[in-house]
Amino acid sequence: SQTIHQWPATLVQPVGSPLSLECTVEGTSNPNLYWYRQAAGRGLQLLFYSVGIGQISSEVPQNLSASRPQDRQFILSSKKLLLSDSGFYLCAWSARFYGYTFGSGTRLTVV
Amino acid sequence: AQKITQTQPGMFVQEKEAVTLDCTYDTSDQSYGLFWYKQPSSGEMIFLIYQGSYDEQNATEGRYSLNFQKARKSANLVISASQLGDSAMYFCAMRVQAGTALIFGKGTTLSVSS
């Protein structure tokens, strides 16, 4: 069966510090991968999506970046966090004939 | 441009009553899919129901049904016999091509009281 792992679950980081959130998928190959961000009480905003290794599309210009070093690994990074980067980050995957499955999310608080 | 609109920030319902959560969408594509997700306070996104644009019958999954009105571009979620555990945020989402990202509405917070 397919599973998605996302960590850490919670993170408190000072302004200006780096960020690395990781997401891995098991049980499928060549999935489409997505990073979403959800501000408190708001909807989900698509940040990045990837259809293959090294292929990243950015939806929103910001100080975040994403990478896909392996087929089932998706990483969200920042060199210097801003207060506005606080939020709930969700990784998701999809594949042909499957729906969309989300990870458990990371609550990031930038202080 | 593709867009999902959920106009109800909050809805209140009593246990055992039915409730309808509204969703309208905008796309010029003929082939698309509509999804509803439930997000409890834990933050996980729980898939509820899916409707394809070419599906002639409204989708149903247990207590959830999707009232799909293609001409009106609406895809309302109906929850029958509400339970306390239904209290959560509900998101309507759309995919316009297989494998592309979901576009989400802003969500509706449902509160079920006893």
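The notes below deal with the structure included here.

Rules used throughout
Residues numbered from 1 in each chain as written. Chains lettered and ligands numbered in written order. Predicted model: local features only at pLDDT ≥ 70, side-chain atom pairs only at ≥ 80, totals over all residues. Heavy atoms only, no water. Helix = DSSP H or I, 4+ residues; strand = E, 2+ residues; numbered from the N terminus. Rg over C-alpha atoms; globule rule 2.2 N^0.38 Å. Buried < 20%, exposed > 50% of the residue type's maximum accessible area, 1.4 Å probe, protein only. Contact = heavy atoms within 4.5 Å. Areas by Shrake-Rupley, 256 points an atom, 1.4 Å probe, with all protein chains shown as cover. Lys, Arg positive; Asp, Glu negative; His and termini not counted. Charge placed at Lys NZ, Arg CZ, Asp CG, Glu CD. Pairing = 2+ DSSP bridges. Core = buried A, V, L, I, M, F, W, Y, C linked by side-chain atoms within 4.5 Å. Buried area = accessible area lost by both parts, 1.4 Å probe. Salt bridge = Lys/Arg side-chain N within 4 Å of Asp/Glu carboxyl O. Polar contact = N/O pair within 3.5 Å; in protein donor to acceptor, adjacent residues only side chain to side chain. Nonpolar A, V, L, I, M, F, W, Y, C, P; charged D, E, K, R; others polar. Disulfide = S-S within 2.5 Å.

Scanning chain A from N- to C-terminus turns up zero helices and eleven strands. The order of α-helices and β-strands along chain A, N terminus first, is β-β-β-β-β-β-β-β-β-β-β. Relative to the 2.2 N^0.38 estimate, which gives 13 Å for 111 residues, the radius of gyration of chain A is 13 Å and therefore close to what a compact globule would have. Here the C-alpha coordinates of chain A stretch approximately 40 × 25 × 20 Å along the principal axes. Taken across its 111 residues, chain A has 48% of its residues classed as buried. Partitioning the contacts of chain A with sequence separation of at least 6, the portion at a separation of at least 24 is 53%. If you sum the accessible surface of chain A, you get close to 5,400 Å²; carbon and sulfur atoms cover 53% of it. Positive and negative side-chain charges of chain A, numbering 8 and 5 respectively, have mean locations separated by a distance of 6 Å.

Along a regular strand, successive side chains alternate from one face of the sheet to the other. All names here are of chain B. Of all six residues in strand β9 (residues 74–79), five are buried; the element is thus mostly enclosed. Of the pairings in the sheet, the one linking strand β3 (residues 19–21) to β9 comprises three bridges and is antiparallel in character. Note that in β9 the partner of L21 across the bridge is L77. As defined by bridge partners, strand β8 (residues 64–69) adjoins β9 across six bridges and the pair is classed as antiparallel.

Core analysis: the largest hydrophobic core is formed by 25 residues, its most contacted members being Y25, L34, W36, I49, L77 and Y90 of chain B. Elements that contribute at least two residues to this core include exactly β3, β5 (33–39), β6 (46–52), β8, β9, β10 (88–95) and β12 (108–113) of chain B. The greatest single-element share of this core, amounting to four residues, is contributed by β10 of chain B. Those residues in contact with Y25 of chain B that lie beyond four places of it in its chain are K3, I4, Y32, L34, F68, Q69, K70, K73, S74, A75 and M94 of chain B. In terms of nonpolar packing, the next biggest core, distinct from the first, is built from 21 residues, L21, L33, L76 and Y89 of chain A among them.

Contacts between chain A and chain B engage 15 residues on the former and 18 residues on the latter. A buried area of about 1,300 Å², summed over both sides, lies between chain A and chain B, and 57% of it is on carbon and sulfur atoms. On the chain A side of the interface with chain B, the three residues burying the most area are L44, Y100 and F102 of chain A, jointly 42% of the side's total. Remark: the boundary between chain A and chain B carries zero salt bridges. Our enumeration of links across chain A and chain B arrives at six residue pairs in polar contact (both at pLDDT 80 or more). Contributions of two or more residues to the side of chain A that touches chain B are made by β4 (32–38), β5 (44–52), β9 (87–94) and β10 (100–102) of chain A. Top element by residues in the side of chain A that touches chain B is β4 of chain A. It accounts for four residues. For the side of chain A that touches chain B, the class distribution of residues is eight nonpolar, five polar and two charged.

Bringing the state of the cysteines into the picture now. A full pass over the atoms with the stated rule returns two disulfides over all chains. Between C23 of chain A and C91 of chain A runs a disulfide, and the two sulfur atoms are separated by 2.0 Å. Around the S-S axis, the bridge from C23 of chain A to C91 of chain A shows a dihedral of about -75° and counts as left-handed. Highlighted residues: C23 of chain A in strand β3 (residues 19–26) and C91 of chain A in strand β9, separated in sequence by 68 residues. One disulfide in the model links C23 of chain B with C92 of chain B; its S-S distance is 2.0 Å. The sign of the S-S torsion, about -60°, decides the handedness of the disulfide formed by C23 of chain B and C92 of chain B: left-handed. Taken as a pair, C23 of chain B in the loop between β3 and β4 (24–26) and C92 of chain B in strand β10 lie far apart in primary sequence, 69 residues in all. C23 of chain B gets classed as buried once you look at its relative accessible area, which sits at 0%. Overall, C92 of chain B belongs to the buried group, its relative accessible area being 0%.

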